[in-house]
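# Breakdown of the fold
Letter by letter, the chains look like this.
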Amino acid sequence: MREPEHTANIIQLRSTLIPEFPSREQSSCHHSNIVVVEDQRLLLCKDCQLWIDPFEYLLRWAARDWAAAKRVIEYRQDLEKLITRIRQLKKEERNIKARLRRLNKP
Ligand SMILES: [Zn+2]
């Protein structure tokens, strides 16, 4: 049987060359031993041998980076509040000491 002419130039890829990606739920590899497989343009975890979609990996990386940047901003705001509170407490301490000195004067 002859193949139709328009499909004659299609190259069949062997299924072993195309790794199966895990679903989003299964792709929760948290190892850091990730290598780039350049010829297949993919990522591979050397610890659990999980193929990782580079775009998914990049998305997770960006999300982690964004969350870390947000936490830094929140920590700086908390720090500013604590510094302001310490200044207020030191001022109250000075006022109380001054009152005590006035009360203790003969
Ligand atoms: Zn892994």
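Summary of the structure given here. The structure displayed is predicted, hence computed values, not measured ones. (Residues numbered from 1 in each chain as written. Predicted model: local features only at pLDDT ≥ 70, side-chain atom pairs only at ≥ 80, totals over all residues.)

### Concerning the overall build of the protein chain
Across its full length, the protein chain carries one helix and three strands. From first element to last, N terminus to C terminus, the protein chain shows the α and β order β-β-β-α. Per-residue burial for the protein chain yields a buried fraction of 2% across its 106 residues. Partitioning the contacts of the protein chain with sequence separation of at least 6, the portion at a separation of at least 24 is 19%. (Helix = DSSP H or I, 4+ residues; strand = E, 2+ residues; numbered from the N terminus. Buried ≥ 20, exposed ≤ 12 C-beta atoms within 10 Å, placed from the backbone. Contact = placed C-beta atoms within 7 Å.)

### Looking at the sheet that holds strand β3 (residues 51–52)
Strand order in this open sheet of three strands is β1-β2-β3, and the pairing throughout is antiparallel. The two strands at the open ends of the sheet, each matched to only one other strand, are β1 (34–37) and β3. For β1 and strand β2 (residues 42–45), the ladder comprises four bridges, and the chain directions are antiparallel. Within the sheet, the bridge partner assigned to Val36 lies in β2 and is Leu43. (Pairing = 2+ DSSP bridges.)

### Some words on unusual backbone geometry
A positive phi angle, close to 55 degrees, is found at Arg41, a residue other than glycine. Tracing the sequence through the fold places Arg41 in the loop between β1 and β2. With a phi angle near 60 degrees, Gln49 is a residue other than glycine that sits in the positive phi range. Structurally, Gln49 is set in the loop between β2 and β3. Its 9 C-beta neighbours within 10 Å are what place Gln49 among the exposed residues.

### Let's talk about helix α1 (residues 54–104)
Since the α-helix turns once every 3.6 residues, residues separated by three or four places project in the same direction. In a regular helix each residue adds 1.5 Å, so 51 residues correspond to 75 Å; α1 covers 74 Å between its end C-alpha atoms and thus fits that length. With respect to burial, α1 is a largely exposed element, only zero of its 51 residues being buried. (Expected span 1.5 Å × (residues − 1).)

### Brief notes about the pairing of β2
The sheet contact formed by β2 and β3 spans two bridges and is antiparallel. Among the inter-strand pairings, Leu44 is bridged to a residue of β3, identified as Trp51. Where β2 folds back onto β3 in an antiparallel hairpin, the turn is made up of five residues, including Gln49, whose phi is positive at roughly 60 degrees.

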